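Here's the letter readout for the chains.
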Number of protein chains: 2
Amino acid sequence: MRENDLLHWLMHSTRPDAAVPVPIGDDMAAVAISPQAAGLALLKIDQALDGVHFNLSTCGPAAAGRKAVNRCLSDCAAMATAPAAIMVSVALPADMPLAAAQTLLTACRNAAAEFNCPLVGGDTAIWQHPLVITVSALGFATQSPVLRCGAQLADAIVVSGKLGGSILGRHLTFTPRIKLASLLQTIAPVHSMMDLSDGLAADLPRLAAASGLGAVVDEARLPVHPDATQLAARDGQSPTHHALCDGEDYELLFTLSQHDAARLPTQLADVPLTIIGEMTSEPTLRLRAPDGTLQPWPAGGFEHQGDAH
Amino acid sequence: MRENDLLHWLMHSTRPDAAVPVPIGDDMAAVAISPQAAGLALLKIDQALDGVHFNLSTCGPAAAGRKAVNRCLSDCAAMATAPAAIMVSVALPADMPLAAAQTLLTACRNAAAEFNCPLVGGDTAIWQHPLVITVSALGFATQSPVLRCGAQLADAIVVSGKLGGSILGRHLTFTPRIKLASLLQTIAPVHSMMDLSDGLAADLPRLAAASGLGAVVDEARLPVHPDATQLAARDGQSPTHHALCDGEDYELLFTLSQHDAARLPTQLADVPLTIIGEMTSEPTLRLRAPDGTLQPWPAGGFEHQGDAH
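Predicted model, so just to flag it, every value in this text is computed and none were measured.

Procedures and definitions
- Residues numbered from 1 in each chain as written.
- Chains lettered and ligands numbered in written order.
- Predicted model: local features only at pLDDT ≥ 70, side-chain atom pairs only at ≥ 80, totals over all residues.
- Heavy atoms only, no water.
- Helix = DSSP H or I, 4+ residues; strand = E, 2+ residues; numbered from the N terminus.
- Buried < 20%, exposed > 50% of the residue type's maximum accessible area, 1.4 Å probe, protein only.
- Contact = heavy atoms within 4.5 Å.
- Domains from an automatic or database assignment.
- Buried area = accessible area lost by both parts, 1.4 Å probe.
- Salt bridge = Lys/Arg side-chain N within 4 Å of Asp/Glu carboxyl O.
- Polar contact = N/O pair within 3.5 Å; in protein donor to acceptor, adjacent residues only side chain to side chain.
- Pairing = 2+ DSSP bridges.
- Right-handed = clockwise from strand over helix to strand, strands pointing away.
- Axes fitted to C-alpha atoms, helices over the stretch in contact; angles between N-to-C directions.
- Left-handed = near helix turned anticlockwise from the far one by under 90°.
- Nonpolar A, V, L, I, M, F, W, Y, C, P; charged D, E, K, R; others polar.
- Expected span 1.5 Å × (residues − 1).
- Phe/Tyr/Trp six-rings, centres within 6.5 Å; stacked < 30°, edge-to-face > 60°.
- Lys NZ or Arg CZ within 6 Å of the ring centre and 35° of its normal.

Student: Which parts of the structure should I look at to understand the environment of B:Val132?
Tutor: Summarising the element assignment, B:Val132 is placed in strand S5 (residues 132-141). Taking relative accessible area as the criterion, B:Val132 reaches 0% and is therefore assigned buried. Along the backbone, B:Val132 and B:Ala181 are 49 residues apart, and their C-alpha atoms lie at a distance of 29 Å. Not counting residues within four places of it along the chain, the set of residues in contact with B:Val132 comprises A:Trp127, A:Val132, B:Ala48, B:Leu49, B:Ser89, B:Val90, B:Ala91 and B:Trp127.

In structure tokens form, the structure reads like this:
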């Protein structure tokens, strides 16, 4: 396999798209700026490494590509924006067959196509080391993007989906909550939002700090995923611990007024929505135990440390 | 070093910029769409790998970061666009000190700042393998971008700078020809353009094929860099061979009408401009030898094959 073989294949297997007047193959791609764009381009770059974010030998190239793209698209969801284009750069191990590299790039393209998002750029290189997939996403904000810093005092804190235990498989197969984020916008003003990538225990403090507030979360209200329960049965930690501290849920964490929260459906775009707590003026985070006592916030949350999944 | 330490440092050492209303630190960055934008966003992704595109142990982290960014900015020059934002993703070897990673990211930021381009996104990961730097660039086209496919029959073919032997050092220290491309636009309509990354022998056929034309290049007119001559003295190849076949010149290759070419200055933005040949109707590439005979086009050009520089 040579770098250019793969790029040629990618160019010639990409369908023409009116929104991409200059596709892969020139020095840069050109993407039409959405007529609805309110003056802002949104940008993200994110990498997925073999042995850190996925294990190529067990998950295969399609799952690796899909995860790499969806990690990036999850950030589009977190900004309540639709992705307008993605680009994918791959450093391929020299012993990877061309067909596997094509499977990988096809999976990347298909993952984005689920959100009508074209793959407009690719860079390929070959080396003697593990696979690196780097994905960059562009979106156009049609209104003010929903940031982490917008939470207001007494806001309800909501999470989508169920949390914990994603390492059992969901970290590869999750769906970026782009449709959910778009629907939410039509129901109520969302004050602040982010996606849960490092676990609620690590991510909620970031949202709270950005907003200059604290938070109290009701332990009993946490939507615990069955995977968290399964993992807990194995390792002796509590299911709640897994729901709080496991990474890679790729669910949405957001806040809105209590009034609007009360009107939220329990499910939207087939995804459960759960009110788990409220923003507080005291800038600390605490967990309200089932007996009503306030407990310290669990340390940690998830950080990739070269641990292969 | 932990991933988040580096990201925090990057966030807090980035100056506020009115063109970046949402800087590094949220799920995506927001960049103001230029009021001059003519409806198109231009996008590029490009990676630089230790042992392939640079050798970290000999060039150090600053030179590696600078090269990674400038490779991407060279594509902005090739589209005759100014970069509006870059993002940098780094996979850092676990034994790299935090200070070295900071030096690397500072060099990336400074390289872009030379063109008033902000660094708006960063992703960091740590692993047990060599350094990977992936750079993504966004530009806004203020007029139709200059593509590879626009060359016209009988166009003059022009290159900027001098070619060959960049492996002696220029592949790390080159300046993306952004200012030159911008000035060119004010002088004459450029029909087609690209940057020379794989060597004229490989790149001119791409421009010709995209335009459905052939080309004849005058060997005697090739602007041979002193580095090409120096390399030729070592390896027995001709200086011309190095000027044609060496990669990573990162100069501009462009075509325009003979009439406009005749009015080009010999130097623009302190960079020499040399007319080297013309586009032909016969879709082949040939080299005109000093004695006037037409010779076959040299095979090859440069492709990274995991050879460390």
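Student: Which parts of the structure should I look at to understand the domain arrangement of chain A?
Tutor: Reports of interface size often rely on the accessible area that becomes lost once the parts have come together. Residue and element names in this part refer to chain A. In terms of domains, chain A is made up of domain 1 (3-141) and domain 2 (148-296). Measuring from the centre of the C-alpha atoms in domain 1 to the corresponding centre in domain 2 gives 28 Å. Taken together, the contact pairs 17 residues of domain 1 with 16 residues of domain 2. Carbon and sulfur atoms supply 63% of the area buried between domain 1 and domain 2, which totals about 1,400 Å² over both sides. When the shortest N-O distance is used, the salt bridge between Glu248 and Arg71 registers 3.8 Å. Summed over the shared surface of domain 1 and domain 2, the result is six residue pairs in polar contact (both at pLDDT 80 or more). Tallying contributions element by element places helix H2 (residues 56-78) first for the side of domain 1 that touches domain 2, with 11 residues.

Student: What should I look at first to understand the pairing of strand S3 (residues 83-93) of chain B in this one?
Tutor: In the case of a regular strand, side chains alternate between the two sheet surfaces. Residue and element names in this part refer to chain B. Of all 11 residues in S3, 11 are buried; the element is thus mostly enclosed. Note that S3 and S5 share eight bridges and pair antiparallel. Bridge pairing in S5 places Ala91 opposite Val132. In this sheet, strand S4 (residues 119-127) lies alongside S3 in parallel orientation, the contact comprising eight bridges. By the bridge assignment for S4, Ile86 is matched with Leu119. For the crossover from S3 across helix H3 (residues 98-113) to S4, the handedness is right-handed.

Student: Would you take a moment to explain the packing of H2(A) against helix H3 (residues 98-113) of chain A for this structure?
Tutor: Geometrically, a packed helix pair is captured by the angle between its two axes and the distance between the axes. Residue and element names in this part refer to chain A. One way to put it is that H2 packs onto H3 with a least axis distance of 7 Å and a crossing angle of 35°. Judged by the sense of rotation from one axis to the other, the crossing of H2 with H3 is right-handed. Between H2 and H3, the contacting residues are Pro61, Ala62, Ala64, Gly65, Arg66, Val69, Asn70 and Leu73 on the first element and Ala100, Thr103, Leu104, Ala107, Cys108, Ala111 and Ala112 on the second.

Student: I'm lost on the interface of chain B and chain A in this one. Help?
Tutor: Taken together, the contacts link 66 residues of chain B with 66 residues of chain A. Buried area between chain B and chain A, summed over both chains or domains, comes out near 5,000 Å², and the portion from carbon and sulfur atoms is 60%. Contact with chain A buries surface across chain B, with B:Asp27, B:Met28 and B:Leu43 losing the most and accounting together for 17% of the total. Our count for the contact surface shared by chain B and chain A stands at four salt bridges. We note a salt bridge from B:Asp27 to A:Arg148, for which the minimum N-O separation is 3.0 Å. Scanning the region where chain B abuts chain A turns up 24 residue pairs in polar contact (both at pLDDT 80 or more). Every element with two or more residues in the side of chain B that touches chain A is listed here: helix H1 (3-12), strand S1 (29-32), strand S2 (40-49), helix H2 (56-78), S3, S4, S5 and strand S7 (192-195) of chain B. The biggest single contributor to the side of chain B that touches chain A is S2(B), with nine residues. Each residue belonging to the side of chain B that touches chain A can be placed in one class, and the counts come to 37 nonpolar, 16 polar and 13 charged. Inspection of the sheet shows strand S2 (residues 40-49) of chain A paired to S1(B) by four bridges, in the antiparallel sense. The partner of A:Leu43 across the bridge, within S1(B), is B:Ala29.

Student: In this structure, what is going on with helix H6 (residues 200-211) of chain B? I would like to understand it.
Tutor: It helps to recall that an α-helix has 3.6 residues per turn; residues three or four apart then point in one direction. All names here are of chain B. The terminal C-alpha atoms of H6, which comprises 12 residues, lie 16 Å apart, in line with the 16 Å expected from a rise of 1.5 Å per residue. Among all positions of H6, only Leu200, Ala201, Ala202, Asp203, Leu204, Leu207, Ala208 and Ser211 are buried. Note on H6: the residue one or two positions beyond its end, Gly212, has a positive phi of about 70°.

Student: Looking at this structure, I do not really get the packing of aromatic side chains. What am I missing?
Tutor: What characterises a pair of aromatic rings is the spacing of the ring centres plus the angle enclosed by the ring planes. A full pass over the atoms with the stated rule returns three aromatic pairs over all chains. With a centroid separation of 6.2 Å and 25° between ring planes, the pair formed by A:Trp127 and B:Trp127 is classed as stacked. Placement of the pair is A:Trp127 in strand S4 (residues 119-127) and B:Trp127 in strand S4, with the two residues belonging to separate chains. B:Trp127 carries the same exposure label as A:Trp127, and that label is buried. With a centroid separation of 4.0 Å and an interplanar angle of 20°, the aromatic rings of B:Phe174 and B:Tyr250 are classed as stacked. With B:Phe174 in the loop between helix H4 (170-173) and helix H5 (178-187) and B:Tyr250 in the loop between helix H8 (239-245) and strand S9 (252-256), this pair connects stretches of sequence that are 76 residues apart. For the pair formed by B:Phe174 and B:Tyr250, the shared burial category is buried. One residue, A:Arg109, lies across the ring of A:Trp9, its end atom 5.7 Å from the ring centre.

Student: Which parts of the structure should I look at to understand the sheet that holds S4(A)?
Tutor: Paired through backbone hydrogen bonds, the strands of a sheet run either parallel or antiparallel to each other. The five strands are arranged S4(A)-S3(A)-S5(A)-S2(A)-S1(B) in an open sheet whose pairing can be described as mixed. The two strands at the open ends of the sheet, each matched to only one other strand, are S4 of chain A together with S1 of chain B. The sheet shows a mean angle of 20° between the axes of neighbouring strands, direction not considered. Its contacts with the sheet place H2(A) against S2, strand S3 (83-93) and strand S5 (132-141) of chain A, and it is angled at close to 30° to S5(A).

Student: For this particular structure, what's the right way to read the environment of A:Trp297?
Tutor: All names here are of chain A. Within the element layout of this structure, Trp297 appears in the segment after strand S13 (294-296). In this structure the C-alpha to C-alpha distance between Trp297 and Ala201, which are 96 residues apart in sequence, comes to 7.3 Å. If we ignore the near neighbours within four places in the chain, the residues touching Trp297 are Leu200, Ala201, Leu204, Pro205, Val217, Leu244, Leu285, Arg286 and Leu287. One polar contact links the side chain of Trp297 to the main-chain carbonyl oxygen of Ala201, over a distance of 2.8 Å.

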